[in-house]
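# Coordinates in review
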Amino acid sequence: VTDNDTDTVIYSFDKIIKLLCNCNPNTIELLGLKPEHYFYLSPIGEALLENKTMFLSQAAAKAFGGYAYDQLRRLENKSSPDVSQTKQEEHILKSIQQASEDFKRRYFWDSDSELRFLIDKSARTDCDSEIFVDIHLTHYPLRDFTGMCSEIDSILRGYHKLGSRNKAAISHHKIAKHMMHLVRLFYMCFDILEKGEIHTYRDSEHELLMQIRNGAFLDEQNRPIAAFYELVNKLEKRLDYAKEHTNLPDTVDMERIHDFVISVNSKICSG
């Protein structure tokens, strides 16, 4: 259930479990509040908090980092009209490469299969360079192949279109708030990957986040300054390191989560 007037979304139990398993930022952050920030906790809510670490996996790097990176690049294109066509291709390539990291697991490639993306000079008159793909797939299911192509096509078609959040941020002069949100996502992801903890309220970075929120990283034209991109670049490097050295499992323990779901549904059915 979605209420746009109050910016409220209510998930069904099954839906939120699926989102949590994928480390979806909008749902994972619900498990990282301070105790006094919860208006009401049902027994099921308390059980979710007690078992919140079972939803943490290396998927956090893609879920948090991927979202932040894509939104940042779109924001960069909007606020910097002088970005070259080649640079735009590099941004798109980065988004596609991040998405393709998960393709092998979800689309079941064998060891001989390959899907590689790269940038090279273009023969098109309207492009200096463009993204190419090298594909090696043998006896591969057509539906899986069209599934991958659909995801890639979605990135290409949507890249130059600002999402509703970015449109609202720009039209209401709230770019700084959006920038702050992106940085907060990085720090949340660091806690998950480095410590196995969820902390939505950012005590340590509060001063920095408020500086960003109050426009300290915007120029006179309401565009992010170079210092902001330097900050994000450092955060991206830290994320790459955290992703490579995390102790979190590759994926969540679905058997444990399945047992948890059964226990909750059993309690509901028994009254």
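A brief look at the structure comes next.

Cut-off values and rules
Residues numbered from 1 in each chain as written. Predicted model: local features only at pLDDT ≥ 70, side-chain atom pairs only at ≥ 80, totals over all residues. Heavy atoms only, no water. Helix = DSSP H or I, 4+ residues; strand = E, 2+ residues; numbered from the N terminus. Buried < 20%, exposed > 50% of the residue type's maximum accessible area, 1.4 Å probe, protein only. Contact = heavy atoms within 4.5 Å. Axes fitted to C-alpha atoms, helices over the stretch in contact; angles between N-to-C directions. Parallel < 35°, antiparallel > 145°, perpendicular 65-115°, else oblique. Left-handed = near helix turned anticlockwise from the far one by under 90°. Nonpolar A, V, L, I, M, F, W, Y, C, P; charged D, E, K, R; others polar. Expected span 1.5 Å × (residues − 1). Arc of directions from axis to C-beta. Phe/Tyr/Trp six-rings, centres within 6.5 Å; stacked < 30°, edge-to-face > 60°. Polar contact = N/O pair within 3.5 Å; in protein donor to acceptor, adjacent residues only side chain to side chain.

## Let's talk about the overall build of the chain
Broken down by element type, the chain carries twelve helices and four strands. Classification of the 271 residues of the chain by burial places 41% in the buried group. Intrachain contacts of the chain at a sequence separation of at least 6 include 68% that bridge at least 24 residues.

## Overview of unusual backbone geometry
Not every positive phi belongs to a glycine, and Asp7 is a case in point at roughly 55 degrees. Owing to a relative accessible area of 71%, Asp7 belongs among the exposed residues under this scheme. Its identity as a non-glycine residue notwithstanding, His139 has a phi of 50 degrees, on the positive side. With respect to the secondary-structure elements, His139 resides in the loop between strand S4 (129-136) and helix H7 (142-159). The class of His139 is exposed, set by a relative accessible area of 82%.

## Overview of the side chain of Glu29
Along the chain, Glu29 falls in the loop between helix H2 (25-28) and helix H3 (43-50). In this structure Glu29 comes out as buried when scored by relative accessible area, which is 18%. Setting aside chain neighbours within four positions, we find Glu29 in contact with Arg184, Met188 and Thr200.

## Quick word on the packing of helix H9 (residues 175-195) against helix H11 (residues 226-245)
Two elements in contact, H9 and H11, have axes separated by 10 Å at closest approach and are oriented at 20 degrees. It follows from the interaxial angle that H9 and H11 lie roughly parallel. The two elements H9 and H11 cross, and the hand of that crossing is left-handed. Taken together, the residues of H11 that come into contact with H9 (itself represented by Met179, Val183, Phe186, Tyr187, Cys189, Phe190, Leu193 and Glu194) are Phe228, Leu231, Val232, Leu235, Glu236, Arg238, Leu239, Ala242 and Lys243. When the residues that make up the contact of H9 with H11 are grouped by side-chain class, the tally is 13 nonpolar, no polar and four charged.

## Some details on H11
Here H11 spans 29 Å end to end across 20 residues, near enough to the 28 Å set by a 1.5 Å rise per residue. Of all the positions in H11, only Phe228, Tyr229, Leu231, Val232, Leu235, Glu236, Leu239 and Ala242 are classed as buried. Buried positions in H11, seen along its axis, are confined to an arc of 150 degrees and lie on one side of it. Across from the buried face of H11, at angles greater than 90 degrees, the exposed residues are Ala226, Glu230, Lys234, Lys237, Tyr241 and Glu244.

## Topic: the packing of aromatic side chains
The geometry of an aromatic ring pair is captured by the separation of the ring centres together with the interplanar angle, meaning the angle of the planes. Throughout the structure, instances matching the rule amount to five aromatic pairs. Each ring, one from Tyr187 and one from Phe190, has its centre 5.7 Å from the other, and the planes form 90 degrees; the classification is edge-to-face. Of this pair, Tyr187 and Phe190 are both found in helix H9, three residues apart, which corresponds to roughly one turn of the helix. Ring geometry for Phe217 versus Phe228: centroids 6.3 Å apart, planes at 65 degrees, classification edge-to-face. Taken together, the residues span a long stretch of sequence, with Phe217 in the loop between helix H10 (206-213) and H11 and Phe228 in helix H11 at a distance of eleven residues. Aromatic ring contacts, followed pair by pair, group Phe186, Tyr187 and Phe190 into a single cluster.

## Thoughts on the packing of H9 against H10
H10 packs onto H9 with a crossing angle of 155 degrees between their chain directions and a minimal axis gap of 7 Å. With respect to H10, the element H9 is oriented roughly antiparallel. Within the contact between the two elements, H9 uses Ala176, Lys177, Met179, Met180, Val183, Arg184 and Tyr187 and H10 uses Leu208, Leu209, Ile212 and Arg213. Of the residues assigned to the contact of H9 with H10, the class counts are eight nonpolar, no polar and three charged.

## Things to note about helix H12 (residues 254-270)
Along its 17 residues, H12 runs 24 Å from first to last C-alpha, staying within 8% of the 24 Å computed at 1.5 Å per residue. Of the residues making up H12, those classed as buried are Ile257, Phe260, Val261 and Val264. An end-on view of H12 places all buried positions within 100 degrees of arc, on one side of the element. Exposed residues lying more than 90 degrees from the buried face of H12 are Glu255, Cys269 and Ser270. Against the buried residues of H12 lie helix H1 (13-21) and H3. Its side-chain oxygen at 3.2 Å from the backbone nitrogen of Glu255, Asp253 defines the N-terminal cap of H12. Trailing H12 by a residue or two, Gly271 shows a phi angle of about 80 degrees, which is positive.

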